[in-house]
2 protein chains.
Amino acid sequence: MNTPNWILQRARLTPERVAISWGEEQWTFREVAERSMDIARKMRGTGLREGDRVALLTSGGPETVFLIHGGLLAGFELVMLNIRLTEAELAYQIKDSGAEAVFTDDLLLDRAPDSTAVSRLLAGEGTDFEPAALWEEDRTLTIMYTSGTTGFPKGVRQTAGNHLSSAVASVLNMGLQEGDVWLCAMPLFHISGFSILCRSLIYGMTVRLQTKFDAEASAKEIAEGSVTTMSAVSAQLVRVLDILESQNQKASGNFRQILAGGGPVPSPYIRRAEALGIQILQTYGMTETSSQTATLAAEDALRKTGSSGKPLFFNRIRIDGAERPGDEGEILISGPHVTPGYVGRFGDRPAQEDGWLHTGDIGRVDEEGFLYVLDRRSDLIISGGENIYPAEIEQVLAGHPAIAEAGVAGVEDERWGQVPAAFIVARKDVTAEELEAYCRERLAPYKVPKYYRFVGELPRNASNKLLRRELRDKFELQE
Amino acid sequence: MNTPNWILQRARLTPERVAISWGEEQWTFREVAERSMDIARKMRGTGLREGDRVALLTSGGPETVFLIHGGLLAGFELVMLNIRLTEAELAYQIKDSGAEAVFTDDLLLDRAPDSTAVSRLLAGEGTDFEPAALWEEDRTLTIMYTSGTTGFPKGVRQTAGNHLSSAVASVLNMGLQEGDVWLCAMPLFHISGFSILCRSLIYGMTVRLQTKFDAEASAKEIAEGSVTTMSAVSAQLVRVLDILESQNQKASGNFRQILAGGGPVPSPYIRRAEALGIQILQTYGMTETSSQTATLAAEDALRKTGSSGKPLFFNRIRIDGAERPGDEGEILISGPHVTPGYVGRFGDRPAQEDGWLHTGDIGRVDEEGFLYVLDRRSDLIISGGENIYPAEIEQVLAGHPAIAEAGVAGVEDERWGQVPAAFIVARKDVTAEELEAYCRERLAPYKVPKYYRFVGELPRNASNKLLRRELRDKFELQE
């Protein structure tokens, strides 16, 4: 379904409503549109044209929002770069996406030396142009990289139709009230954060922005009722709970819910949240589905512990090969929120088969239709909400001259949910410290293994496939 | 955007939520789906197939809902017949739409003698079939007739995409809360009533159903807070206000708003409603747009008296030929809620030009973007929420042997907003009573002119076009 340009339409319909609030400052939808149009003109002034692919490497906050909206108004496909990546990882994504330009926060310029500093962009000349009145359903708004099972990150296309149907399906599930304010402490280059910006435009809702997650500030806003909804991963959630409990505070009556993604929330957290008047909505989503596919209603949170709930209204979920409720298998997803495909190296690989996305995740659906995610695809590690693919780390380790073979698995961590652990078959003497330093040069900090175990061989099945689950089990037995 | 079968999806997602409440009875979404599937099997058991066009002539209430949902599950295009039409008018619509079958409430059988009684349908044998898992965006769900400017009613196609985008745009404007209940006192064969059924399925919201508008019961529900929203036309609204005032009652804090269509609500009504704690959202919509195109926020109701507000998020409105804000002209509408076209006699006439629906209505948009509807298309008369086209009545009158020429215009009426008045150039002696009896045989009661004025000639412009506005002005001067 084609829709009017979200940024301009929102500025026409509710110009005086607050769009973005950050610290003591705020901007109405009219102001956001004006600032973004100014940036759009400057972007077009550099010679870029509608339909060009443009990467952004920015650290969040309102200036990032204006830059994102500017890029959308300019008609670009925005490659959203993760600021936690190393220079080499960034270079891969910039090259793979075929970005015509990269705009980078001045402070991050050392990470992408060939890019254009935002300060230089803003000092430039603008070119007048007429922004598109309509956003076509299949227009790619954003491209986000998700680490691939092969070790090569894949650039996922997210269309206007994907983001729109995701935002609308969410509102049908979570409701919408006058005065709703969504606290965004998630990175805007992630779908978890970016989807909040889309909801803001589509709902006409205020986003309360944190440049970086601030647990103290989040707890204060929840207690005071200056926000009504928040997105969080378990590791953030528990810090907010700790603070509220330690200060003997509860959530304000205005505060409605925390949308909790990035893996299941342990039931003790849910009980603690309930005691503070906070509803926890657990959700299952991914970059390929522009955020939520299934969400567990707060009323079912304890009755269905460990479940990610039912599909949102536009979506369907089925378990590959399941003959009856409860059968385990690969989770397949269908709906207007599913990416049409990839760019770059994986550009010719279809994202769907017969209209279904094969997630690689293993799950089951119970007789009432509730989804349980049993194992993330390809032993995906989720650490503080970031997705980490073992294959990518294994490939880096395998490049070290002292290493014969390496296997990586996610192991439990109190703070981050999971962290990567490396299992090494060495060919020469090498220390854990040496390997860590080696990884730190080549991988974003959150991907660097926290543990290094030297083993005689790696567990493999008959067809020689690495059994990462066994690595994990072994690790946990030893601890 | 293709979506899962709304009826089955809703039964899967929120099976135990109340879908329909009526008198002392209620049905959950699971029960509604089961009853509707039973009817769908019986409909298919008569030999009808997916894609067939099937007309319904039913008087409302839950049985009508099950019949509608049954027809949608069976895969039909439903021709929604207005029970206030005469036998001849119904016969035209049935023939024009090419309906393969007509299912008629037993009590209405005399109006459509060749149709199948619902009781007979329900006593029949069912045939098992697999209902469509997905509803394609461009699948026609309903066909509703709207009187044409030529005197021939036009069958308007309303697709799944039209109804869906209308429902979603509405929720983005009006919000959605747990426990919302929409009071439906509108006919289900009208878009005003049918759109409430769509919202119920898409939102998972309870509809409180009245078979016929009951002012006393409506006032009671609003005062008690057993409903949160209601659709009404001015004539209904004022009766509800009268009752609440006479009983010294106010709206419950639960009650949020009345969506008021079918012409502007006089500002004294808005003030009275506000004093009772009722927000009035004035809306501009039509059969061709599957209900609301623009809606005035309650906060602007008095500041922008007479306006129908701004477009909903997915929609655009422009004034043909307008060069600056405030210029008057034909209202053009664009959006995913606009019908793709007509069936039958007008099947080859495009509904849109370059993506814009030409409404025939005259209006203006002010500098803030608020729409004012100045004159309904082709002198449309809106009487108690029903659309009446003067041309249709003029054509009937012209068939009377004593009449040389006839012109019809809408004149103000305290109860109905407007009623038709006929202006007759007679060729022989004839009385108003004779003409009224003549019309009553050929026209639905609400279309029969309330006044008959005999004149020497009809006002016409240079190109001989009848000036109905002058008829109206003349009538009002005389009264």
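Residues numbered from 1 in each chain as written. Chains lettered and ligands numbered in written order. Predicted model: local features only at pLDDT ≥ 70, side-chain atom pairs only at ≥ 80, totals over all residues. Heavy atoms only, no water.

Caption draft 1: View of the packing of helix α1 (residues 6–13) of chain A against helix α7 (residues 191–203) of chain A. Residue and element names in this part refer to chain A. Two elements in contact, α1 and α7, have axes whose closest approach is 8 Å; the angle formed by their N-to-C orientations is 40°. In terms of their interaxial angle, α1 and α7 are classed as oblique. Between α1, through Trp6, Ile7 and Arg10, and α7, the contact on the second element is made entirely by Cys198, Leu201, Ile202 and Tyr203. Within the contact of α1 with α7, the residues separate by chemical class into six nonpolar, no polar and one charged. (Axes fitted to C-alpha atoms, helices over the stretch in contact; angles between N-to-C directions. Helix = DSSP H or I, 4+ residues; strand = E, 2+ residues; numbered from the N terminus. Parallel < 35°, antiparallel > 145°, perpendicular 65-115°, else oblique. Contact = heavy atoms within 4.5 Å. Nonpolar A, V, L, I, M, F, W, Y, C, P; charged D, E, K, R; others polar.)

Caption draft 2: Representation of a negative patch on the surface. A cluster of like negative charges, contributed by Glu412, Glu470, Asp473 and Glu476 of chain A, occupies part of the molecular surface. Broken down by element, the residue count for the negative patch peaks at three residues, all from helix α13 (residues 468–478) of chain A. (Patch = residues over 30% accessible without salt bridge, like charges linked within 9 Å, V, L, I, M, F, W, Y side chains within 5 Å. Areas by Shrake-Rupley, 256 points an atom, 1.4 Å probe, with all protein chains shown as cover. Salt bridge = Lys/Arg side-chain N within 4 Å of Asp/Glu carboxyl O. Lys, Arg positive; Asp, Glu negative; His and termini not counted. Charge placed at Lys NZ, Arg CZ, Asp CG, Glu CD.)

Caption draft 3: Geometry of the domain arrangement of chain A. Residues and elements named next belong to chain A. Here the domain parsing of chain A yields domain 1 (3–11 + 21–135), domain 2 (169–375) and domain 3 (381–478). Opposite the seven residues of domain 2 that make contact, domain 3 presents eight residues. Summing both sides of the interface, domain 2 and domain 3 together bury roughly 620 Å²; the carbon and sulfur share of this comes to 46%. For domain 2, the biggest contributors to the area lost against domain 3 are His190, Ala235 and Asp375; these three give 49% of the whole. Counting across the interface, domain 2 meets domain 3 through zero salt bridges. One can count one residue pair in polar contact (both at pLDDT 80 or more) joining domain 2 with domain 3. A breakdown of the residues in the side of domain 2 that touches domain 3 according to their chemical character gives two nonpolar, three polar and two charged. (Domains from an automatic or database assignment. Buried area = accessible area lost by both parts, 1.4 Å probe. Polar contact = N/O pair within 3.5 Å; in protein donor to acceptor, adjacent residues only side chain to side chain.)

Caption draft 4: Focus on the pairing of strand β26 (residues 403–413) of chain B. Among the 11 residues of β26 of chain B, eight are classified as buried, and the element is accordingly described as predominantly covered. Adjacent in sequence and paired antiparallel, β26 of chain B and strand β27 (residues 417–426) of chain B are bridged by three residues. (Buried < 20%, exposed > 50% of the residue type's maximum accessible area, 1.4 Å probe, protein only. Pairing = 2+ DSSP bridges.)

Caption draft 5: Geometry of the side chain of Asp180 of chain B. Residue and element names in this part refer to chain B. Tracing the chain through its elements places Asp180 in the loop between α6 (160–174) and β11 (181–184). Overall, Asp180 belongs to the buried group, its relative accessible area being 8%. Here the side chain of Asp180 touches Gln177 through a polar contact of 2.9 Å, landing on its backbone nitrogen. Separated by 2.7 Å, the side chains of Asp180 and Arg256 make a polar contact. Setting aside its immediate chain neighbours within four residues, Asp180 contacts Gly175, Met205, Thr206, Thr228 and Arg256.

Caption draft 6: How the structure looks around the side chain of His400 of chain A. Residue and element names in this part refer to chain A. Checked against the element boundaries, His400 lands in the loop between α11 (390–398) and β26 (403–413). On the basis of relative accessible area, His400 is assigned to the buried category, the value being 12%. From its side chain, His400 meets the backbone nitrogen of Ala402 in a polar contact 3.0 Å long. Non-local contacts of His400, meaning those with residues more than four positions away in its chain, are made with Val430, Leu435 and Tyr438.

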